[in-house]
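A closer look at the structure
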Amino acid sequence: MSDRLYTLFETPIGRCGIAWGAAGICLLQLPEGRESATRARLRERLQGVSEGEPPEFVQRAVAAITRLLAAEAVDLSELELDMAGVPPFHRRVYEQARRIPPGSKLSYGELAAQLGAPGSARAVGQALGRNPFPIVVPCHRVFAANGKLGGFSANGGVSTKLRLLALEAPRSGASLADTEAAFGFDPEAAVAQLRASDPVLARLINKVGPFRLELQRIPSVFGALAQAIVYQQLTGKAAATIFGRLCALFRTTAEGLTPEQILRAGDERLRSAGLSGSKVLSLQDLARKAKSGDLPSLAEVRRLDDESIIERLTSVRGIGRWTAEMLLIFRLGRPDVLPLDDYGVRKGFGVAFRKKALPSKKDVDQRAERWRPYRSVATWYLWRALDKPVADGGVPG
(Lines give C-alpha, C1' and ligand atoms only; values in the text may rest on other atoms or scores of the structure.)
Protein backbone atom coordinates (compact mmCIF):
# COMPACT_ATOMS: atom_id res chain seq x y z
CA MET A 1 0.00 0.00 0.00
CA SER A 2 1.27 3.48 -0.91
CA ASP A 3 2.44 5.73 1.93
CA ARG A 4 0.79 8.65 0.11
CA LEU A 5 -2.98 9.02 0.05
CA TYR A 6 -5.47 11.45 -1.46
CA THR A 7 -9.08 12.55 -1.25
CA LEU A 8 -11.36 14.84 -3.23
CA PHE A 9 -13.31 17.63 -1.55
CA GLU A 10 -15.98 20.13 -2.54
CA THR A 11 -15.18 23.86 -2.80
CA PRO A 12 -16.92 26.91 -4.30
CA ILE A 13 -14.77 26.59 -7.44
CA GLY A 14 -15.31 22.86 -7.87
CA ARG A 15 -14.10 19.54 -6.56
CA CYS A 16 -10.42 19.76 -5.62
CA GLY A 17 -7.99 16.99 -4.71
CA ILE A 18 -5.42 16.85 -1.93
CA ALA A 19 -2.68 14.27 -1.33
CA TRP A 20 -0.59 13.77 1.78
CA GLY A 21 2.07 11.68 3.42
CA ALA A 22 3.54 11.41 6.90
CA ALA A 23 5.45 14.70 6.46
CA GLY A 24 2.49 16.79 5.29
CA ILE A 25 0.57 17.78 2.17
CA CYS A 26 2.42 16.73 -0.99
CA LEU A 27 -0.02 17.84 -3.72
CA LEU A 28 -3.08 20.01 -4.24
CA GLN A 29 -5.09 19.49 -7.43
CA LEU A 30 -7.44 22.22 -8.67
CA PRO A 31 -10.63 21.14 -10.47
CA GLU A 32 -10.54 19.87 -14.02
CA GLY A 33 -13.69 19.97 -16.17
CA ARG A 34 -15.12 16.84 -14.52
CA GLU A 35 -14.46 14.95 -11.29
CA SER A 36 -13.08 11.95 -13.19
CA ALA A 37 -10.55 14.22 -14.91
CA THR A 38 -9.52 15.78 -11.58
CA ARG A 39 -8.95 12.33 -10.10
CA ALA A 40 -7.00 11.16 -13.18
CA ARG A 41 -4.82 14.27 -13.25
CA LEU A 42 -3.96 13.91 -9.54
CA ARG A 43 -2.96 10.26 -10.01
CA GLU A 44 -0.91 11.19 -13.06
CA ARG A 45 0.99 13.87 -11.13
CA LEU A 46 1.61 11.63 -8.11
CA GLN A 47 2.32 8.09 -9.22
CA GLY A 48 1.30 5.29 -6.86
CA VAL A 49 -1.04 7.42 -4.73
CA SER A 50 -4.15 5.72 -3.30
CA GLU A 51 -7.46 7.13 -2.12
CA GLY A 52 -7.87 7.23 1.65
CA GLU A 53 -9.50 8.80 4.68
CA PRO A 54 -7.87 12.17 5.53
CA PRO A 55 -6.28 12.48 8.98
CA GLU A 56 -6.99 15.45 11.21
CA PHE A 57 -4.26 17.74 9.83
CA VAL A 58 -5.58 17.20 6.28
CA GLN A 59 -9.15 17.82 7.42
CA ARG A 60 -8.02 21.14 8.87
CA ALA A 61 -6.26 21.99 5.60
CA VAL A 62 -9.36 21.11 3.56
CA ALA A 63 -11.55 23.27 5.79
CA ALA A 64 -9.16 26.23 5.52
CA ILE A 65 -8.80 25.96 1.72
CA THR A 66 -12.57 25.69 1.30
CA ARG A 67 -13.13 28.80 3.41
CA LEU A 68 -10.52 30.73 1.43
CA LEU A 69 -12.26 29.78 -1.82
CA ALA A 70 -15.53 31.01 -0.31
CA ALA A 71 -13.91 34.47 -0.10
CA GLU A 72 -13.15 34.31 3.63
CA ALA A 73 -9.95 35.81 5.03
CA VAL A 74 -7.95 32.68 5.86
CA ASP A 75 -4.22 32.26 6.52
CA LEU A 76 -2.81 29.11 4.91
CA SER A 77 0.81 29.82 5.79
CA GLU A 78 0.84 27.36 8.69
CA LEU A 79 -0.28 24.32 6.67
CA GLU A 80 2.39 21.61 6.64
CA LEU A 81 3.81 20.87 3.18
CA ASP A 82 5.93 17.86 2.25
CA MET A 83 8.65 19.30 0.00
CA ALA A 84 10.95 16.29 0.12
CA GLY A 85 10.89 15.86 -3.65
CA VAL A 86 11.04 19.59 -4.47
CA PRO A 87 14.33 21.00 -5.89
CA PRO A 88 16.10 23.37 -3.44
CA PHE A 89 15.60 26.55 -5.52
CA HIS A 90 11.90 25.75 -6.05
CA ARG A 91 11.54 25.20 -2.31
CA ARG A 92 12.95 28.67 -1.64
CA VAL A 93 10.56 30.17 -4.20
CA TYR A 94 7.56 28.44 -2.65
CA GLU A 95 8.49 29.43 0.89
CA GLN A 96 8.88 33.06 -0.16
CA ALA A 97 5.66 33.05 -2.18
CA ARG A 98 3.75 31.82 0.88
CA ARG A 99 4.59 35.16 2.52
CA ILE A 100 2.56 37.12 -0.08
CA PRO A 101 -0.66 38.13 1.72
CA PRO A 102 -4.12 37.74 0.12
CA GLY A 103 -5.02 40.67 -2.10
CA SER A 104 -1.35 41.49 -2.77
CA LYS A 105 0.67 40.87 -5.92
CA LEU A 106 4.36 40.55 -6.76
CA SER A 107 6.19 40.28 -10.05
CA TYR A 108 8.51 37.36 -10.78
CA GLY A 109 11.39 39.84 -10.64
CA GLU A 110 10.33 41.21 -7.26
CA LEU A 111 10.07 37.71 -5.84
CA ALA A 112 13.51 36.89 -7.24
CA ALA A 113 14.93 40.01 -5.55
CA GLN A 114 13.38 38.99 -2.23
CA LEU A 115 15.17 35.66 -2.57
CA GLY A 116 18.46 37.50 -3.00
CA ALA A 117 18.68 36.26 -6.60
CA PRO A 118 18.01 39.30 -8.81
CA GLY A 119 18.03 38.40 -12.48
CA SER A 120 16.40 35.00 -11.89
CA ALA A 121 12.83 36.07 -12.71
CA ARG A 122 12.54 33.43 -15.42
CA ALA A 123 13.67 30.67 -13.06
CA VAL A 124 11.13 31.89 -10.49
CA GLY A 125 8.41 31.72 -13.14
CA GLN A 126 9.43 28.19 -14.08
CA ALA A 127 9.35 27.11 -10.44
CA LEU A 128 5.87 28.54 -9.95
CA GLY A 129 4.72 26.90 -13.18
CA ARG A 130 5.52 23.54 -11.55
CA ASN A 131 3.97 24.44 -8.19
CA PRO A 132 2.46 21.26 -6.68
CA PHE A 133 0.63 23.25 -4.00
CA PRO A 134 -1.52 25.89 -5.81
CA ILE A 135 -3.49 28.15 -3.46
CA VAL A 136 -1.40 27.05 -0.46
CA VAL A 137 1.64 28.34 -2.34
CA PRO A 138 -0.22 31.28 -3.93
CA CYS A 139 1.40 31.40 -7.38
CA HIS A 140 -1.74 33.19 -8.61
CA ARG A 141 -0.49 36.29 -6.75
CA VAL A 142 2.69 36.47 -8.85
CA PHE A 143 2.69 38.33 -12.16
CA ALA A 144 5.00 38.90 -15.11
CA ALA A 145 6.67 42.25 -15.77
CA ASN A 146 4.57 45.39 -16.26
CA GLY A 147 1.61 43.89 -14.41
CA LYS A 148 0.89 41.28 -17.10
CA LEU A 149 -0.76 38.16 -15.74
CA GLY A 150 1.79 35.62 -16.84
CA GLY A 151 0.74 31.98 -17.02
CA PHE A 152 -1.13 29.60 -14.73
CA SER A 153 -0.77 25.83 -14.99
CA ALA A 154 -4.17 24.84 -13.53
CA ASN A 155 -7.18 23.98 -15.68
CA GLY A 156 -8.62 27.17 -17.14
CA GLY A 157 -5.22 28.89 -17.21
CA VAL A 158 -5.21 32.62 -16.56
CA SER A 159 -9.01 32.66 -16.27
CA THR A 160 -8.67 30.47 -13.17
CA LYS A 161 -5.93 32.78 -11.92
CA LEU A 162 -8.30 35.74 -12.30
CA ARG A 163 -11.06 33.92 -10.44
CA LEU A 164 -8.73 33.19 -7.51
CA LEU A 165 -7.61 36.82 -7.38
CA ALA A 166 -11.22 37.99 -7.50
CA LEU A 167 -12.08 35.78 -4.52
CA GLU A 168 -9.34 37.50 -2.53
CA ALA A 169 -10.12 41.04 -3.62
CA PRO A 170 -11.48 43.46 -0.96
CA ARG A 171 -15.26 43.57 -1.14
CA SER A 172 -16.16 46.52 1.10
CA GLY A 173 -17.47 44.19 3.78
CA ALA A 174 -19.70 42.25 1.37
CA SER A 175 -19.35 38.51 1.08
CA LEU A 176 -19.10 36.73 -2.24
CA ALA A 177 -22.70 35.60 -1.87
CA ASP A 178 -23.79 39.24 -1.60
CA THR A 179 -22.24 40.07 -4.97
CA GLU A 180 -23.96 37.56 -7.21
CA ALA A 181 -23.67 39.83 -10.24
CA ALA A 182 -19.97 40.60 -9.73
CA PHE A 183 -17.25 40.23 -12.32
CA GLY A 184 -14.68 37.54 -11.73
CA PHE A 185 -11.96 40.03 -12.64
CA ASP A 186 -10.93 43.65 -12.14
CA PRO A 187 -12.43 45.70 -15.04
CA GLU A 188 -9.95 48.55 -14.58
CA ALA A 189 -6.99 46.18 -14.76
CA ALA A 190 -8.54 44.55 -17.83
CA VAL A 191 -8.91 47.86 -19.66
CA ALA A 192 -5.36 48.85 -18.73
CA GLN A 193 -3.96 45.60 -20.12
CA LEU A 194 -5.98 45.95 -23.35
CA ARG A 195 -4.65 49.47 -23.83
CA ALA A 196 -1.09 48.22 -23.41
CA SER A 197 -1.54 45.20 -25.69
CA ASP A 198 -3.12 46.86 -28.74
CA PRO A 199 -2.71 50.54 -29.76
CA VAL A 200 -5.70 50.44 -32.14
CA LEU A 201 -7.97 49.01 -29.47
CA ALA A 202 -6.55 51.63 -27.06
CA ARG A 203 -7.77 54.40 -29.39
CA LEU A 204 -11.24 52.82 -29.45
CA ILE A 205 -11.23 52.61 -25.63
CA ASN A 206 -10.28 56.29 -25.43
CA LYS A 207 -13.16 57.24 -27.71
CA VAL A 208 -15.80 55.04 -26.03
CA GLY A 209 -14.81 55.73 -22.43
CA PRO A 210 -15.06 53.51 -19.31
CA PHE A 211 -16.12 49.87 -19.47
CA ARG A 212 -19.79 49.84 -18.45
CA LEU A 213 -21.08 46.36 -19.17
CA GLU A 214 -23.85 45.55 -16.68
CA LEU A 215 -24.27 41.96 -15.58
CA GLN A 216 -27.76 40.50 -15.45
CA ARG A 217 -28.87 38.49 -12.44
CA ILE A 218 -28.99 34.74 -13.07
CA PRO A 219 -31.45 32.99 -10.71
CA SER A 220 -30.77 29.64 -12.41
CA VAL A 221 -29.09 28.31 -15.53
CA PHE A 222 -32.40 26.79 -16.59
CA GLY A 223 -34.23 30.11 -16.22
CA ALA A 224 -31.57 32.04 -18.13
CA LEU A 225 -31.61 29.57 -21.03
CA ALA A 226 -35.41 29.39 -21.07
CA GLN A 227 -35.49 33.16 -21.51
CA ALA A 228 -32.80 32.96 -24.21
CA ILE A 229 -34.86 30.40 -26.16
CA VAL A 230 -37.97 32.58 -26.03
CA TYR A 231 -36.04 35.67 -27.15
CA GLN A 232 -34.44 34.01 -30.19
CA GLN A 233 -35.27 35.67 -33.56
CA LEU A 234 -37.73 38.14 -32.03
CA THR A 235 -37.60 41.87 -31.34
CA GLY A 236 -36.99 42.75 -27.70
CA LYS A 237 -40.55 44.01 -27.21
CA ALA A 238 -42.23 40.96 -28.75
CA ALA A 239 -39.96 38.56 -26.88
CA ALA A 240 -40.59 40.29 -23.54
CA THR A 241 -44.36 40.06 -24.12
CA ILE A 242 -44.25 36.32 -24.88
CA PHE A 243 -41.86 35.58 -22.02
CA GLY A 244 -44.13 37.48 -19.65
CA ARG A 245 -47.12 35.43 -20.81
CA LEU A 246 -45.14 32.20 -20.34
CA CYS A 247 -44.16 33.11 -16.78
CA ALA A 248 -47.77 34.13 -16.02
CA LEU A 249 -48.90 30.57 -16.78
CA PHE A 250 -47.23 29.34 -13.58
CA ARG A 251 -46.96 30.19 -9.91
CA THR A 252 -44.02 32.52 -9.23
CA THR A 253 -40.95 30.97 -7.61
CA ALA A 254 -37.70 32.49 -6.35
CA GLU A 255 -35.89 30.80 -9.25
CA GLY A 256 -38.40 31.95 -11.87
CA LEU A 257 -39.49 29.24 -14.28
CA THR A 258 -38.67 25.68 -13.20
CA PRO A 259 -38.16 22.50 -15.25
CA GLU A 260 -41.08 20.86 -13.44
CA GLN A 261 -43.46 23.61 -14.57
CA ILE A 262 -42.46 23.25 -18.22
CA LEU A 263 -42.67 19.46 -18.15
CA ARG A 264 -46.09 19.45 -16.47
CA ALA A 265 -47.55 21.92 -18.96
CA GLY A 266 -48.88 20.45 -22.20
CA ASP A 267 -47.93 21.65 -25.66
CA GLU A 268 -51.15 23.60 -26.06
CA ARG A 269 -50.70 25.49 -22.82
CA LEU A 270 -47.16 26.48 -23.76
CA ARG A 271 -48.25 27.47 -27.26
CA SER A 272 -50.95 29.68 -25.73
CA ALA A 273 -48.22 32.07 -24.57
CA GLY A 274 -47.28 32.71 -28.19
CA LEU A 275 -44.42 30.21 -28.49
CA SER A 276 -43.71 28.49 -31.78
CA GLY A 277 -43.76 24.70 -31.95
CA SER A 278 -39.98 24.65 -32.31
CA LYS A 279 -39.49 26.74 -29.16
CA VAL A 280 -41.87 24.51 -27.21
CA LEU A 281 -39.71 21.50 -28.16
CA SER A 282 -36.56 23.38 -27.16
CA LEU A 283 -37.99 24.37 -23.76
CA GLN A 284 -39.09 20.79 -23.11
CA ASP A 285 -35.65 19.44 -24.02
CA LEU A 286 -34.06 22.04 -21.75
CA ALA A 287 -36.34 21.01 -18.89
CA ARG A 288 -35.60 17.31 -19.36
CA LYS A 289 -31.85 17.91 -19.37
CA ALA A 290 -32.16 20.06 -16.24
CA LYS A 291 -34.08 17.28 -14.46
CA SER A 292 -31.61 14.57 -15.54
CA GLY A 293 -28.57 16.58 -14.46
CA ASP A 294 -27.19 16.95 -17.99
CA LEU A 295 -27.68 20.71 -17.63
CA PRO A 296 -25.25 22.07 -15.00
CA SER A 297 -26.65 23.78 -11.94
CA LEU A 298 -25.74 27.38 -11.14
CA ALA A 299 -23.26 26.22 -8.48
CA GLU A 300 -21.68 23.79 -10.95
CA VAL A 301 -21.51 26.24 -13.84
CA ARG A 302 -19.65 28.76 -11.69
CA ARG A 303 -16.74 26.36 -11.30
CA LEU A 304 -16.56 25.00 -14.86
CA ASP A 305 -14.23 26.50 -17.44
CA ASP A 306 -15.76 28.32 -20.42
CA GLU A 307 -15.44 25.54 -23.00
CA SER A 308 -16.92 22.94 -20.63
CA ILE A 309 -19.93 25.22 -20.07
CA ILE A 310 -20.38 25.75 -23.81
CA GLU A 311 -20.18 22.00 -24.44
CA ARG A 312 -22.81 21.24 -21.80
CA LEU A 313 -25.22 24.02 -22.81
CA THR A 314 -25.08 23.39 -26.55
CA SER A 315 -26.30 19.82 -26.01
CA VAL A 316 -29.75 21.40 -25.52
CA ARG A 317 -31.97 21.74 -28.58
CA GLY A 318 -32.05 25.36 -29.74
CA ILE A 319 -28.97 26.44 -27.75
CA GLY A 320 -25.99 27.23 -29.96
CA ARG A 321 -22.50 28.44 -29.18
CA TRP A 322 -23.46 32.12 -29.49
CA THR A 323 -26.24 31.79 -26.89
CA ALA A 324 -23.85 30.03 -24.50
CA GLU A 325 -21.24 32.75 -25.03
CA MET A 326 -23.78 35.48 -24.26
CA LEU A 327 -24.57 33.74 -20.96
CA LEU A 328 -20.86 33.60 -20.15
CA ILE A 329 -20.43 37.33 -20.81
CA PHE A 330 -23.67 38.90 -19.57
CA ARG A 331 -24.73 36.48 -16.84
CA LEU A 332 -21.50 35.02 -15.45
CA GLY A 333 -19.10 37.90 -16.16
CA ARG A 334 -16.41 35.65 -17.62
CA PRO A 335 -13.40 37.69 -18.78
CA ASP A 336 -12.11 35.87 -21.85
CA VAL A 337 -15.00 35.13 -24.23
CA LEU A 338 -14.80 36.07 -27.93
CA PRO A 339 -18.09 35.41 -29.83
CA LEU A 340 -16.72 35.13 -33.35
CA ASP A 341 -20.16 34.26 -34.75
CA ASP A 342 -21.50 37.62 -33.58
CA TYR A 343 -21.98 39.97 -36.56
CA GLY A 344 -21.64 43.04 -34.32
CA VAL A 345 -18.20 41.93 -33.12
CA ARG A 346 -16.89 41.57 -36.67
CA LYS A 347 -18.60 44.76 -37.84
CA GLY A 348 -17.22 46.69 -34.85
CA PHE A 349 -13.78 45.27 -35.57
CA GLY A 350 -14.09 46.60 -39.12
CA VAL A 351 -14.94 50.08 -37.82
CA ALA A 352 -12.15 50.11 -35.23
CA PHE A 353 -9.51 48.77 -37.61
CA ARG A 354 -10.81 50.64 -40.69
CA LYS A 355 -11.55 47.59 -42.81
CA LYS A 356 -13.41 48.20 -46.09
CA ALA A 357 -15.01 44.74 -46.10
CA LEU A 358 -16.49 42.73 -43.22
CA PRO A 359 -13.52 41.06 -41.48
CA SER A 360 -13.42 37.29 -41.40
CA LYS A 361 -13.63 35.36 -38.16
CA LYS A 362 -10.01 34.33 -38.70
CA ASP A 363 -8.90 37.99 -38.93
CA VAL A 364 -10.62 38.86 -35.65
CA ASP A 365 -9.44 35.70 -33.90
CA GLN A 366 -5.80 36.28 -34.83
CA ARG A 367 -5.80 39.89 -33.61
CA ALA A 368 -7.66 38.88 -30.46
CA GLU A 369 -4.71 36.78 -29.28
CA ARG A 370 -3.31 40.10 -28.04
CA TRP A 371 -6.38 40.65 -25.89
CA ARG A 372 -6.22 37.49 -23.76
CA PRO A 373 -7.33 37.00 -21.02
CA TYR A 374 -9.79 39.91 -21.41
CA ARG A 375 -11.45 39.23 -24.75
CA SER A 376 -14.91 39.75 -23.22
CA VAL A 377 -13.97 43.34 -22.41
CA ALA A 378 -12.55 43.84 -25.91
CA THR A 379 -15.79 42.40 -27.30
CA TRP A 380 -17.83 45.00 -25.42
CA TYR A 381 -15.69 47.78 -26.89
CA LEU A 382 -16.11 46.35 -30.41
CA TRP A 383 -19.88 46.46 -29.94
CA ARG A 384 -19.60 50.06 -28.77
CA ALA A 385 -17.64 50.90 -31.95
CA LEU A 386 -21.00 50.70 -33.76
CA ASP A 387 -22.68 53.23 -31.45
CA LYS A 388 -23.18 56.80 -32.48
CA PRO A 389 -21.21 59.07 -32.41
CA VAL A 390 -18.33 56.56 -32.31
CA ALA A 391 -19.31 54.90 -35.58
CA ASP A 392 -19.91 58.25 -37.33
CA GLY A 393 -16.63 59.74 -36.15
CA GLY A 394 -14.58 56.59 -36.65
CA VAL A 395 -11.60 55.76 -34.53
CA PRO A 396 -8.70 58.14 -35.03
CA GLY A 397 -5.68 56.61 -36.73
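Residues numbered from 1 in each chain as written. Predicted model: local features only at pLDDT ≥ 70, side-chain atom pairs only at ≥ 80, totals over all residues. Heavy atoms only, no water.

**Some points on the packing of helix α3 (residues 88-97) against helix α5 (residues 121-129)**
It is the contact of α3 with α5, at a shortest axis distance of 9 Å, that shows an interaxial angle of 85°. Classified by the angle their axes make, α3 and α5 are roughly perpendicular. Where α3 abuts α5, its residues Phe89, His90, Val93, Tyr94 and Ala97 lie against Ala123, Val124, Ala127 and Leu128. Looking at side-chain class alone, the contact of α3 with α5 contains eight nonpolar, one polar and no charged residues. (Axes fitted to C-alpha atoms, helices over the stretch in contact; angles between N-to-C directions. Helix = DSSP H or I, 4+ residues; strand = E, 2+ residues; numbered from the N terminus. Parallel < 35°, antiparallel > 145°, perpendicular 65-115°, else oblique. Contact = heavy atoms within 4.5 Å. Nonpolar A, V, L, I, M, F, W, Y, C, P; charged D, E, K, R; others polar.)

**Describing the pattern of salt bridges**
A side chain with one charge can pair with a side chain of the opposite charge if their charged atoms come near. Tallied over the full model, the rule gives 18 salt bridges. Put simply, glutamate 35 and arginine 39 hold a salt bridge, and the shortest N to O gap is 2.9 Å. In this pair, glutamate 35 and arginine 39 both sit in helix α1 (residues 35-45), four residues apart, roughly one turn of the helix. Aspartate 198 is the partner of arginine 367 in a salt bridge, and the nearest nitrogen-oxygen pair spans 2.8 Å. Linking arginine 367 in helix α18 (residues 361-368) with aspartate 198 in the loop between α7 (187-197) and α8 (199-208), this pair joins segments that are 169 residues apart in sequence. Connected through salt bridges with shared partners, the residues Glu10, Arg15, Glu35, Arg39 and Glu51 form a single ionic network. (Salt bridge = Lys/Arg side-chain N within 4 Å of Asp/Glu carboxyl O.)

**Thoughts on the sheet that holds strand β3 (residues 24-29)**
Strand pairing in a sheet takes place through backbone hydrogen bonds and is either antiparallel or parallel in direction. Taken together, four strands build an open sheet; the order of strands is β3-β2-β1-β4 and the sheet is mixed. In this open sheet, the two strands that pair with only one neighbour each are β3 and β4 (50-51). Inspection of the sheet shows strand β1 (residues 5-11) paired to strand β2 (residues 14-21) by seven bridges, in the antiparallel sense. The partner of threonine 11 across the bridge, within β2, is glycine 14. Set on the sheet, α1 makes contact with β1, β2, β3 and β4; between it and β3 the angle comes to about 135°. Packing of helix α2 (residues 56-69) onto the sheet brings it into contact with β1, β2 and β3, and relative to β2 it is tilted by some 150°. (Pairing = 2+ DSSP bridges.)

**Description of the nonpolar core**
Counting 67 residues, the largest nonpolar core has Leu246, Leu313, Trp371 and Val377 as its most contacted members. For this core, the element with the highest residue contribution is helix α9 (residues 221-231), accounting for seven residues. Dropping the residues within four chain positions of it, valine 377 is found in contact with Phe185, Ala190, Val191, Leu194, Phe211 and Pro335. Grouped together as the second largest cluster of nonpolar side chains are 41 residues, Cys16, Val74, Val124 and Leu164 included. (Core = buried A, V, L, I, M, F, W, Y, C linked by side-chain atoms within 4.5 Å. Buried < 20%, exposed > 50% of the residue type's maximum accessible area, 1.4 Å probe, protein only.)

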